[in-house]
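Survey of secondary and tertiary structure
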Amino acid sequence: EGLVSVDYEVYGKVQGVFFRKYTQGEAKRLGLVGWVQNTSHGTVQGQIQGPTARVRELQDWLRKIGSPQSRISRAEFSNEKKIKALEHKEFQILK
């Protein structure tokens with residue numbers, strides 16, 4: 001199974017609800033690397049890298065679940081590509 005990298009942006013009530021912390025926890029549970037950060041326009045964005053099946057699991061989580069207090073209206077994914085090696089060491093919350 002190959003590795004993939006995908007960028008994401010999640011819309012809805014996703015700031016001030018520990019969304020980044022929960023995303024980091026879920027990514028670590030799945031063994032994924034990448035990052036997550038708040039944007040100035042009220043969304044959360046980032047990048048996920050790892051085995052394709054695990055990345056799909058996190059994409060589903062970002063689309064449907066999120067943190068307990070969040071209300072996700074939609075999640076968009078872009079720039080998906082196969083990668084030969086992981087470009088991040090861990091899954092970080094960026095300020």
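In short, a report on the structure. What you are looking at is a predicted structure, and each value in this text was computed from that prediction instead of being measured.

1. Structural notes on the sheet that holds strand β2 (residues 33-38)
The pairing of strands in a sheet comes from backbone hydrogen bonds and takes either a parallel or an antiparallel form. The five strands are arranged β4-β1-β3-β2-β5 in an open sheet whose pairing can be described as mixed. Lying at the two open borders of the sheet, with one neighbouring strand each, are β4 (71-83) and β5 (91-93). Averaged over neighbouring strand pairs, the angle between their axes works out to 15° when direction is ignored. Relative to β4, strand β1 (residues 3-13) runs antiparallel, the two being bridged by 10 bridges. When the bridges of β4 are listed, K13 appears paired with R71. Strand contacts of helix α1 (residues 19-30): β1, β2, β3 (44-51), β4 and β5, with the helix running at about 175° to β5, the strand carrying the most contacts.

2. Remarks on the pattern of salt bridges
Enumeration according to the criterion identifies six salt bridges in this entry. In this structure, R74 engages E76 in a salt bridge whose closest nitrogen and oxygen atoms are separated by 2.9 Å. Taking relative accessible area as the criterion, R74 reaches 41% and is therefore assigned partly exposed. The partly exposed category is assigned to E76, whose relative accessible area is 37%. Salt bridges sharing partners connect three or more residues here, namely D60, R63 and K64.

3. Remarks on the packing of aromatic side chains
Enumeration over the complete set of coordinates arrives at one aromatic pair. Ring centres of F19 and W61 lie 6.0 Å apart, and the angle between their planes is 45°; on these two criteria the pair is classed as tilted. Here the residue F19 occupies a position in helix α1, and W61 occupies one in helix α2 (residues 52-64), the gap between them amounting to 42 residues. W61 carries the same exposure label as F19, and that label is buried. Here R74 stacks its cationic end above the ring of Y11, 3.8 Å away from the centre of that ring.

The rules behind these values
Residues numbered from 1 in each chain as written. Predicted model: local features only at pLDDT ≥ 70, side-chain atom pairs only at ≥ 80, totals over all residues. Heavy atoms only, no water. Pairing = 2+ DSSP bridges. Helix = DSSP H or I, 4+ residues; strand = E, 2+ residues; numbered from the N terminus. Axes fitted to C-alpha atoms, helices over the stretch in contact; angles between N-to-C directions. Contact = heavy atoms within 4.5 Å. Salt bridge = Lys/Arg side-chain N within 4 Å of Asp/Glu carboxyl O. Buried < 20%, exposed > 50% of the residue type's maximum accessible area, 1.4 Å probe, protein only. Phe/Tyr/Trp six-rings, centres within 6.5 Å; stacked < 30°, edge-to-face > 60°. Lys NZ or Arg CZ within 6 Å of the ring centre and 35° of its normal.

Remember, this is a structural readout, not a statement about activity or role.
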